[in-house]
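Residue-level structure breakdown
What follows is each chain in one-letter form.
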Amino acid sequence: MERILFGDNQFFAVNHISDEKSRAQAIKFKDDSAIIKVLDDAMAAGINTFMCTTHDRIANICDVIRDNPKKYKDFKIYPCMPYAHKYANAVTELGIVGTLKQYVPGNFFGSLFKGGVAYINKDFISIMELLVDAEMKMFKGINTPVIFLQNVITDLLLGLGMNELLIAFAKHVESKYNAEAGFITMNLPKLLSVLEEGGIKNPIICASINKVNFRMSGGKELYEEVLKQGRCRVIAMQVLGGGAIPPKEALEYVANLPNVESILFGASSKQNIQNTVETIKYHDNQRVLVE
Amino acid sequence: MLKVALIGAGKMGISHLSILGAHPDVEIVGVCDTSKIVSDVLEKYSGFSCYTDYLKMVDTTKPDAVFVAVPTKFHYKMVKDLLDRNIHVFSEKPFCLNPTESNELFLLAKKKGLVNQVGYHNKFVGTFQEVKKLVKEGFIGEPQHFLGEAYGPVVIKKKSETWRSDPNEGGGCLMDYASHVIDLINDILSPINSCKGAMLKSIYSKQVDDAVYALVGIESGTTGVISVNWSDETYRKMSTSVTIIGSKGKIVSDANELKVYFKSDEHPKGYSKGWNVKYVTDLTEEVNFYLRGEEYSSQIDYFVKAVQGEVPNTVNTFESAWKTDLSISIIKNNSK
Ligand SMILES: NC(=O)c1ccc[n+]([C@@H]2O[C@H](COP(=O)([O-])OP(=O)(O)OC[C@H]3O[C@@H](n4cnc5c(N)ncnc54)[C@H](O)[C@@H]3O)[C@@H](O)[C@H]2O)c1
């Protein structure tokens, strides 16, 4: 994985600290061209990996990438699925069976009607695989070396003890897409043990890691301890602690943590992208000098 | 280990179940849901003992406490059955379909000395907790006017019917959505006990209201406005906010950001005269297991601790939820 990954929250009005900022972002990124422009700024700053939700609008971005193969030759996407709001809304409206009917592709429902509900339960893992395939459709022809499960789902399954499904996700992504599975979580220490027990060695985990203990369940000390052990490849996200820490200070902290392979960040302006990249590079160089 | 069971593993119930599943002091002894697909999947992949009949579940598994997360119309009967069996109860909101039922349950829980809590999770949000503190300690002076708002994209087109579109089952924006705001105002200021006029409007729904606009008065005498609309697609998810204007200052807060203005140098420590901004991240305690917002984990943790006798059972009690049901019925009656 590259040292710096570019995220997509800013494009979809996801702002953890201010509804007003969310609205401003929704206005700014109303048109897909505004998103593409920022992605190009990120590329110009040397970032070639875009980590994004399987939001409907990402499909349009994928079209642009496919239409410009030369320009995006080295560009990679790390899809993060599912876009949970879509399913939550569907369950409210259609119920669970109705939602499955709507989103599980292919001929599955022939079998569903034959086998009835019993069929769904026996083969829940196949349903999960079909849902993954449906979400992956938009990325056809694009390089997606790592495919992530969103934290809402990872952590939901983790709490429910549905470890088997987490492992099944990893296996499917590997066998069908020749990609590695990644897991986004707010509970890194707990998740890591579960994945290891399930036979996944050195998993890719993207977690909230910051100086102020924001969304680091179990606490910062425990996280630092786990990081030292080097048992997983970590992507640090929410490094600004939801905006609570000044960027320079925030980046200095994560850039100097052991075994953090990548840092994920999002920004809407060229200036902020450049500053972030430069700051991370500066600390990386300092560290190399010291070592 | 506290023995806990859940009734209703739908959208809300499954979230409670996951947080409970990760809780170090909790053992999940049973899950009840009438949907076969839900209980089969939970049985197979989580290994929970699943039931379709809640009475059979509690009589077999003998839980210390039960979480009730079924559609609202079932709350009354189920909670009553649980209290009768001396079981501590966490119920989802709104508490009951009418205040008579909720009053009965509040008195029953009190008489039996059982721990009781309702899922108004906003009370566990750092910004709203801080707003309450600023108001109660008098830092914005005498409240003169308030505005309680919530907007979100729940019903944004004509939809197929679910329990949410049936007024007899606790559907509609007033009961399902505005209840959060009403409960918050009741808690931060004092309970809404009069209504000078209310409009319940349908936008997409046939049988229920999609928006609530009301002029209300509270026990302490102040008046304010409730403005709630669940058919506003310009919001990505529910956004709840309160504005309180007082003789010494003004507060504007949502779940993320608290803005407060102090007219003079009389302000609490950590603030200054004029505008101040605090973020929920500065006001939130870390939780042991995070699923979808610290408040969802904290409210469960608080309930567990209350059953264990480690904290007083004073937040989101049946009594406060009864008062919220009462406020809801006052607004409803004035809209006719
Ligand atoms: N605190 C919040 O913000 C919040 C959010 C959503 C829902 N809620 C409340 O939670 C409750 C449930 O809402 P939901 O959105 O999860 O609904 P839902 O329809 O998704 O889930 C309800 C579940 O209860 C099951 N059920 C129905 N009748 C049953 C019975 N007699 N015995 C056992 N199980 C039964 C259903 O099969 C379903 O799985 C409601 O009171 C709602 O107002 C609160």
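Numbering of residues starts from 1 in every chain and runs along the sequence as written. All chains are assigned letters beginning with A, and all ligands numbers beginning with 1, in the order in which they are written. Reporting of local features is limited, given that this is a predicted model, to residues whose pLDDT is at least 70; pairs of side-chain atoms are given and counted only at 80 or more, and all residues count toward the totals for whole chains, interfaces and linings. In computing side-chain properties, one takes all heavy atoms of the structure into account and sets aside hydrogens as well as water.

**Here's the deal with the overall build of chain A**
For chain A, the helix and strand inventory stands at 13 helices and eight strands. Its C-alpha atoms give chain A a radius of gyration of 19 Å, near enough to 19 Å, the size a compact globule of 291 residues would have. By principal-axis analysis of the C-alpha atoms, chain A measures approximately 65 × 45 × 35 Å. A contact between two residues is defined here by any heavy atoms of the two lying within 4.5 Å. Taking all contacts inside chain A whose residues are at least 6 apart in sequence as the whole, residues at least 24 apart take part in 75%. Here the accessible surface of atoms and residues is derived via Shrake-Rupley with a 1.4 Å probe, and residues count as covered only by protein chains that are part of the display. Of the roughly 12,700 Å² of accessible surface on chain A, a fraction of 54% belongs to carbon and sulfur atoms. His is not counted, nor are the chain ends, whereas Lys and Arg count as positive and Asp and Glu as negative. A charged residue contributes its charge at one atom only: NZ of Lys, CZ of Arg, CG of Asp or CD of Glu. Each charge class in chain A was averaged separately, 32 positive and 32 negative side chains, and the resulting centres sit 3 Å apart. Numbering of helices and strands runs from the N terminus, with a helix taken as a DSSP run of H or I at least four residues long and a strand as a DSSP run of E at least two residues long. With C-alpha atoms as the basis for the radius of gyration, the globule rule is written as 2.2 Å multiplied by the number of residues raised to the power 0.38.

**Remarks on helix α5 (residues 99–112) of chain B**
Residue and element names in this part refer to chain B. Here, expected helix span is obtained from the residue count minus one, scaled by 1.5 Å. The end-to-end C-alpha distance of α5 is 20 Å, a good match for the 20 Å that 14 residues give at a rise of 1.5 Å each. Throughout, exposure labels follow a simple rule: accessible area from a 1.4 Å probe, protein chains only, divided by the maximum for the residue type, with under 20% read as buried, over 50% as exposed, and the rest as partly exposed. Inspection of α5 places P99, S102, L105, F106, L108 and A109 among the buried residues, and these make up the whole buried set. In this fold, the buried residues of α5 make contact with α4 (75–84), β6 (116–118) and α10 (318–333). As used in this structure description, the phrase polar contact means that two N or O atoms lie within 3.5 Å; if the pair is within protein, one of them must be able to donate a hydrogen and the other to accept it, and residues adjacent in sequence are counted only when both atoms belong to side chains. The N-cap residue of α5 is N98: its side-chain oxygen and the backbone nitrogen of T100 are 3.1 Å apart. Backbone geometry just after α5 places G113 at a positive phi near 65 degrees.

**Notes on the sheet that holds strand β5 (residues 88–91) of chain B**
Hydrogen bonding along the main chain pairs the strands of a sheet, whether they run parallel or antiparallel. All names here are of chain B. Taken in spatial order, the six strands make up an open sheet running β3-β2-β1-β4-β5-β6, and their pairing is parallel. If you trace the sheet from one side to the other, it starts and ends with β3 (50–51) and β6, each paired once. Sitting on the sheet, helix α1 (residues 11–21) touches β1 (2–7), β2 (26–32), β4 (65–68) and β5, and the angle it makes with β2 is about 155 degrees. With axes taken as lines fitted to C-alpha atoms, and helix axes fitted only over the stretch in contact, angles between N-to-C directions fall between 0 and 180 degrees. The sheet contacts of α10 involve β5 and β6, and relative to β6 the element is tilted by about 40 degrees. Two strands qualify as a pair provided DSSP detects at least 2 bridges between them.

**Some thoughts on the interface of chain A and chain B**
Every contact between the two is made by 48 residues of chain A and, on the other side, 40 residues of chain B. Note on chain A versus chain B: buried area summed over both sides is about 3,600 Å², and carbon and sulfur give 55% of it. Take a side-chain nitrogen of Lys or Arg and a carboxyl oxygen of Asp or Glu: if they are within 4 Å of each other, that pair is a salt bridge. The interface formed by chain A and chain B includes two salt bridges. A salt bridge links E20 of chain A to K259 of chain B, with the nearest nitrogen and oxygen atoms 2.7 Å apart. At the surface where chain A touches chain B, the tally comes to eleven residue pairs in polar contact (both at pLDDT 80 or more). Secondary-structure elements contributing two or more residues to the side of chain A that touches chain B are α1 (19–28), α4 (84–103), α6 (117–122), α7 (124–136), α8 (151–160) and α9 (163–177) of chain A. Split into classes, the residues belonging to the side of chain A that touches chain B amount to 24 nonpolar, 14 polar and ten charged. Computed with a 1.4 Å rolling probe, the buried area is the accessible surface lost when two parts are put together, summed over both parts. The residue classification treats Ala, Val, Leu, Ile, Met, Phe, Trp, Tyr, Cys and Pro as nonpolar and Asp, Glu, Lys and Arg as charged. All others, Gly included, are polar.

**Considering the site of the ligand**
All names here are of chain B. Proximity is defined per residue: any heavy atom of the residue falling within 4 Å of a molecule or strand makes that residue near it. What surrounds the ligand is a group of 25 residues, the closest being M12, D33, K93, W163 and R164. At 3.0 Å from an oxygen atom of the ligand is found a side-chain nitrogen or oxygen belonging to K11. Between the ligand and the protein, one listed contact pairs an oxygen atom with a side-chain N or O atom of H121 at 3.0 Å. Protein contact buries 85% of the 840 Å² of open area that the ligand shows by itself. When the residues that make up the shell around the ligand are grouped by side-chain class, the tally is eleven nonpolar, nine polar and five charged. In terms of domain composition, the shell around the ligand takes at least three residues from each of domain 1 (2–120) and domain 2 (122–284 + 318–333). All the domain ranges listed were derived from an automatic or database domain assignment.

**Thoughts on the state of the cysteines**
Sulfur atoms of two cysteines make up a disulfide when they are within 2.5 Å. Taken as a whole, this structure holds zero disulfides over all chains when the rule is applied. Not part of a disulfide, C52 of chain A finds its nearest cysteine sulfur in C62 of chain A, a span of 6.4 Å. With no disulfide of its own, C50 of chain B lies closest to C32 of chain B among cysteine sulfurs, the gap being 8.9 Å. Residue classification places C50 of chain B among the buried residues on the basis of a relative accessible area of 15%.

**Details of the layout of surface pockets**
Residue and element names in this part refer to chain B. Of the pockets and cavities examined, the second largest pocket occupies roughly 670 Å³. A 1.4 Å probe that fits into a set of points on a 1 Å grid over the protein atoms alone but cannot get out defines a cavity; an open set with protein on both sides within 12 Å along at least five of seven lines defines a pocket, and lining residues are those with an atom within 4 Å of a point. Around the second largest pocket, the lining is made up of 34 residues, and of these K123, F124, Q129, Y302 and V315 lie nearest the centre. Elements represented by at least two residues in the lining of the second largest pocket include exactly α6 (126–136), α7 (173–188), α9 (294–307) and α10. Tallied by class, the residues present in the lining of the second largest pocket amount to 13 nonpolar, twelve polar and nine charged. Grid points are joined across faces, edges and corners, and a volume is the space filled by probe spheres set on the points.

**Examining the packing of aromatic side chains**
For Phe, Tyr and Trp, rings pair up if their centres lie within 6.5 Å, where Trp contributes its six-membered ring, and each pair is then called stacked (planes under 30 degrees apart), edge-to-face (over 60) or tilted (otherwise). Counted according to the given criterion, the structure contains 19 aromatic pairs over all chains. Measuring from ring centre to ring centre gives 4.6 Å for F67 of chain B and F90 of chain B, while their planes differ by 15 degrees; the resulting arrangement is stacked. Taken together, the residues F67 of chain B in strand β4 and F90 of chain B in strand β5 connect sequence positions 23 residues apart. Relative accessible area serves as the criterion here: at 0%, F90 of chain B is assigned to the buried category. Seen from their ring centres, F95 of chain B and F318 of chain B are 4.4 Å apart, and the 35 degrees between their planes marks the pair as tilted. With F95 of chain B in the loop between β5 and α5 and F318 of chain B in helix α10, the pair connects residues that are 223 residues apart, well separated along the chain. Just as F95 of chain B is buried, F318 of chain B falls in that class too. An aromatic cluster is defined as three or more aromatic residues linked by ring pairs; in this entry it consists of F6, F11, F12, F29, F50 and F265 of chain A.

**What about the domain arrangement of chain B?**
Residue and element names in this part refer to chain B. Looking at chain B, the domain boundaries give domain 1 (2–120) and domain 2 (122–284 + 318–333). Domain 1 and domain 2 are separated by 27 Å when their C-alpha centres are compared. The interface is formed by 24 residues belonging to domain 1 together with 21 residues belonging to domain 2. Note on domain 1 versus domain 2: buried area summed over both sides is about 1,900 Å², and carbon and sulfur give 65% of it. Contact with domain 2 buries area across many residues of domain 1, yet P99, F106 and Y120 alone supply 37% of it, more than any other trio. Put simply, domain 1 and domain 2 have one salt bridge between them. One salt bridge connects K93 with D176, and the closest N-O pair in it is separated by 3.3 Å. Seen at the junction of domain 1 and domain 2, the total is seven residue pairs in polar contact (both at pLDDT 80 or more). Looking at the side of domain 1 that touches domain 2, the elements with two or more residues in it are α4, β5, α5 and β6. Per-element tally for the side of domain 1 that touches domain 2: the top contributor is α5, with six residues.

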